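Reading the structure
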Amino acid sequence: MPFIVDIHTHVYPQSYLDMLRARKTVPYIHDPSTPDAPPRLIILSSDDDPSIPLDQRGRPVDSSYSDINVKLEFMRRHAINVSVISLANPWLDFLEPNQARTWAERINDDLEATCANANKESKEKLFAFGALPLSAPNTDIVVGEVERLKTLPHLRGVIMGILGLGNGLDDEKLDPIWNALQNTDTLLFLHPHYGLPDEAFGGPDTINRYGHVLPLALGFPLETTIAVTRMLLAGVFDRFPRLKILLAHSGGTFPFLAGRIESCIRHERRFVANGGDLPGPQRSVWDVLNTNIYLDAVVYGTAGLKAAVAAGGKDRLLFGTDHPFFPPLDCKEKEVWPSVATNYEAIQDAFDTDVNDIAAVLGGNAARILNIN
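Described in the following lines is the structure provided in the data block. (Residues numbered from 1 in each chain as written. Predicted model: local features only at pLDDT ≥ 70, side-chain atom pairs only at ≥ 80, totals over all residues. Heavy atoms only, no water.)

1. Thoughts on the side chain of E112
Relative to the elements of secondary structure, E112 occurs in helix α3 (residues 97-121). Salt bridges are absent for the buried E112, whose nearest opposite-charge side chain, R156, sits at 7.0 Å. Setting aside residues up to four positions removed in sequence, E112 forms contacts with L152, P153, H154 and L155. (Helix = DSSP H or I, 4+ residues; strand = E, 2+ residues; numbered from the N terminus. Buried < 20%, exposed > 50% of the residue type's maximum accessible area, 1.4 Å probe, protein only. Lys, Arg positive; Asp, Glu negative; His and termini not counted. Salt bridge = Lys/Arg side-chain N within 4 Å of Asp/Glu carboxyl O. Contact = heavy atoms within 4.5 Å.)

Encoded structure:
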């Protein structure tokens, strides 16, 4: 078996769950009155519909979301040697400014301790992506946490949502943070959360009719695509050419639409290159994909995976599971998760019999990029 690294796998530390239990607005946790019923995480605004009974809102969160022993057992079951755990959405975006720094330090210290303690006892090893206090009163606090994380032995990067400081990733106020990430050679794991407005799918009634399918299958990937394209158009990659970003879910539709995005940029009359008055991006989409962007392999299909490889290269693709989300609904506890098996199968099919390429995607690339021995 090759060395396998899961770079997309989430954990809600107990302190984070307790914080969510104390809240009454999204995001929050509700403990149903039914005995033995798992807590419910109301994580999206569409989950908090008053017409839905409180005990049925959101999603159940069992011990797999917080118990690190469950995580390690999952790794053993799926032959995973190393997991790079991260706080799942919505991270710390919702915190009051005066709480952001304290909670970021607490959560990141919890992640460091979790990895250190687990690695003493288990053959399977843990590393982590830290969370940032993006709602803090000023960016100096965020920059300080980026720099502090480099001193924690098991931290290998940071995770962030697509709103940044609240106005999207093309916000110039993020420049000090991009600069800190670049100067500290810190990988940013960019992950969607807010999706698209309900109206994009036909309104709340349509969303409720089909559960989470539309916002998760379409909203998340398109959210990522729009966010990264805004960064490109705003010249973020021109100003910070050494910025390193890992995109969740194989970059959404960004790899597939890269050619169309590039064509539209070349034909946009408002850009200086075409006689307009706006600077426009100086670097091509393809250059950014091959220099600044890494993609996870959480795409659940061979066709999508081949698009990711064609756009960014096989040496920039990294295996992930998205555990504990998408658990099996009707199979036994010890069975392989279908959501994970499809990712393994897609990698196998995309590279056919090339065992070196398969091994690189499953773990070699992540070990190299994140300095994991």
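2. Considerations on the sheet that holds strand β7 (residues 155-160)
Pairing between sheet strands relies on hydrogen bonds along the backbone, with the strands arranged either parallel or antiparallel. With parallel pairing, 8 strands are arranged side by side in an open sheet as β1-β5-β6-β7-β8-β9-β10-β11. Sheet topology places β1 (5-10) and β11 (317-318) at the edges, where each strand pairs with a single neighbour. The sheet contact formed by strand β8 (residues 188-190) and strand β9 (residues 245-247) spans 3 bridges and is parallel. Across the sheet, L188 pairs through a bridge with I245, a residue of β9. (Pairing = 2+ DSSP bridges.)

3. A few points about the pattern of salt bridges
Applying the stated rule across the entire model yields 14 salt bridges. Between R239 and D175 there is a salt bridge, and its shortest N-O distance comes to 3.0 Å. On the criterion of sequence distance, the pair formed by R239 in helix α8 (residues 236-239) and D175 in helix α5 (residues 175-183) is long-range, its members being 64 residues apart. You can call R239 partly exposed: its relative accessible area is 34%. Accessibility expressed as a relative area gives 18% for D175, which makes it buried. Each of the salt bridges in this network shares a partner with another, and the network as a whole consists of D18, R21 and D31.

4. Thoughts on the environment of V158
Mapping V158 onto the fold places it in strand β7. Separated by 32 residues in sequence, V158 and L190 place their C-alpha atoms 8.6 Å apart. Contact partners of V158, with chain neighbours within four places excluded, come to F129, G130, L132, L149, L181, T186, L187, L188 and F189.

5. Looking at the pairing of β7
Remember that side chains alternate between the two faces of the sheet whenever the strand is regular. Counting buried positions along β7 yields 5 of 6 residues, so the element is predominantly enclosed. As judged from the 3 bridges shared by strand β6 (residues 125-131) and β7, these two strands associate in the parallel manner. Along β7, the bridge assignment pairs A131 with I159. Once the chain exits β6 it traverses helix α4 (residues 139-149) before rejoining the sheet at β7, and the crossover so formed is right-handed. Both β7 and β8 contribute to a ladder of 3 bridges, which runs parallel. The residue bridging I159 from the neighbouring strand is F189, located in β8. In the classification by handedness, the crossover that spans β7, the intervening α5 and the parallel β8 is right-handed. (Right-handed = clockwise from strand over helix to strand, strands pointing away.)

6. Quick look at unusual backbone geometry
Of note, the bond from V26 into P27 is cis; its omega dihedral lies within 30 degrees of zero at -5°. Along the chain, P27 falls in the loop between α1 (14-21) and β2 (28-30). A cis geometry characterises the amide bond from N89 onward to P90, with omega recorded as 10°. Within the element layout of this structure, P90 appears in the loop between β5 (82-86) and α3. Phi at D352 is positive, roughly 55°, even though this residue is not glycine. Tracing the backbone through its elements, the reader meets D352 in the loop between α12 (338-351) and α13 (355-369). On the basis of relative accessible area, D352 is assigned to the exposed category, the value being 51%.

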